[in-house]
Amino acid sequence: MVFPLLGLILVGMVALALRYRHLNKKIDNDKEDFYERERRANSTLAKDISNIKYLTVPLDKWPIGQIDAPDIKAIEDRLKALSDKDILNLTHKTNTDLKEEYGVPNFDKMQQVGDNFNDLTVAIVDYANELMLHNMYDEAITVLEYGIVIGTDMSNNYTMLADCYAYKNQPRRIETLRTQAENYEGIMRSSILKHLDELLENNTTETENFDANE
């Protein structure tokens with residue numbers, strides 16, 4: 001009994017050693033590929049970025065200036081400042097991607113463009129939250145829906161919009177939002193979907209004409 005058991009242990013150890021060797025080789029190859037790609041990216045000449053269609057912040061569709069409250073005014077000032085900047089959703093692009101796509105000379109510019117997008121997504125959630133606190137749910141919906149359209153990675157944008165739909169008793173809109181949330185790539189995806197499912201369980205009837213709100 002001892003020798004067969006010892007044999008199994010030795011076979012397991014060999015298999016484990018081979019597995020580690022394979023993984024280490026893969027890691028080394030991945031590192032080499034990364035460094036080679038980064039080397040090529042650092043040699044990329046400037047690309048023409050004059051025709052890029054940047055995002056437009058639709059301030060004219062939002063209740064800017066309608067509420068006389070310091071907190072809201074401060075957020076609106078942030079949104080106004082952002083509306084004058086170049087904004088693009090570059091959330092899923094690495095620094096290497098930016099260099100390859102836009103060229104090294106435009107790298108700092110495109111980094112800032114991406115940072116502006118991140119600032120916008122935060123401001124959208126902050127603004128909608130204040131609007132909800134003032135019972136302006138329709139206005140909050142307009143703001144948050146824009147966040148979804150531009151591809152926000154803020155999980156609160158999804159959950160707050162779903163809360164607004166639930167408050168307005170619009171389960172079909174929650175269902176549509178859930179379909180969109182299926183494509184959310186952040187770590188909060190499961191949490192978002194769970195929140196939307198819970199709202200759907202408690203919000204199954206719609207008292208108003210849904211089509212009239214389209």
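Think of each chain on its own: its residues are numbered from 1, step by step along the sequence as written. Side-chain atom pairs in this predicted model are given and counted only at pLDDT of 80 or more, local residue features only at pLDDT of at least 70, and totals for whole chains, interfaces and linings cover all residues. As a convention, hydrogens and water are excluded, and side-chain values are obtained from all of the structure's heavy atoms.

J.: Teacher, can you tell me more about the packing of helix α3 (residues 95-102) against helix α4 (residues 107-133) here?
T.: When two helices pack together, their arrangement is captured by the angle between the axes and the distance separating the axes. To get an axis, fit a line to the C-alpha atoms, keeping to the stretch in contact for a helix; angles then go from 0 to 180 degrees between the N-to-C directions. Only runs of H or I of at least four residues qualify as helices and only runs of E of at least two qualify as strands under DSSP, and these elements are numbered from the N terminus. Between α3 and α4, the shortest axis-to-axis distance is 9 Å and the interhelical angle comes to 120°. Taken together, α3 and α4 sit at an angle that is classed as oblique. Viewed along their axes, α3 and α4 form a crossing whose handedness is right-handed. Between α3 and α4, the residues in contact are N95, L98, K99 and Y102 and F107, M110 and Q111, respectively. For this scheme, ten residues count as nonpolar: Ala, Val, Leu, Ile, Met, Phe, Trp, Tyr, Cys and Pro. Four count as charged, namely Asp, Glu, Lys and Arg, and the remainder, Gly too, count as polar. Each residue belonging to the contact of α3 with α4 can be placed in one class, and the counts come to four nonpolar, two polar and one charged. Angle categories are assigned with fixed cut-offs, so that under 35 degrees is roughly parallel, over 145 is roughly antiparallel, 65 to 115 is roughly perpendicular, and the rest are oblique. By convention the crossing between two helices is left-handed if the near helix lies anticlockwise of the far one by an angle smaller than a right angle, and right-handed if it lies clockwise. Only heavy atoms matter for contacts: two residues are in contact if any of them lie within 4.5 Å across the pair.

J.: Just to check I follow, could you spell out helix α6 (residues 155-167) for this structure?
T.: A turn of α-helix holds 3.6 residues, and therefore any two residues three or four places apart point the same way. Between the first and last residue of a helix there are one fewer steps than residues, each counted as 1.5 Å, and that sum is the expected span. Taking 1.5 Å per residue, 13 residues should reach 18 Å; α6 reaches 19 Å between its end C-alpha atoms and fits that length. Three labels apply to residues, based on accessible area from a 1.4 Å probe with only protein chains included: buried if under 20% of the type maximum, exposed if over 50%, partly exposed otherwise in between. Counted residue by residue, α6 has ten buried out of 13 residues, so it is predominantly covered. Looking at the buried positions of α6, the neighbouring elements they touch are α4, α5 (137-149), α7 (171-181) and α8 (189-202). A positive phi of about 55° marks N169, the residue just after α6.

J.: Mind showing me how you'd approach the packing of aromatic side chains here?
T.: Given two aromatic rings, their pairing is described by the distance between the two centres and the angle made by the two planes. Centres within 6.5 Å make a pair out of two Phe, Tyr or Trp rings, where for Trp the six-membered ring is used; the pair is then stacked when the planes are under 30 degrees apart, edge-to-face when over 60, and tilted otherwise. Scanning the entire structure with this criterion turns up four aromatic pairs. With a centroid separation of 6.3 Å and 45° between ring planes, the pair formed by W62 and Y127 is classed as tilted. Here W62, found in the loop between α1 (2-41) and α2 (70-83), pairs with Y127, found in helix α4; they are 65 residues apart in sequence, far enough to count as distant. What makes Y127 buried here is its relative accessible area of 0%. A ring pair is formed by W62 and Y146, whose centres lie 5.6 Å apart and whose planes are at 75°; its orientation type is edge-to-face. You can see W62 sitting in the loop between α1 and α2 and its partner Y146 sitting in helix α5, a full 84 residues away along the chain. Under the relative-accessibility criterion, W62 is labelled buried at 5%. Classification of Y146 by relative accessible area gives buried; the value is 12%.

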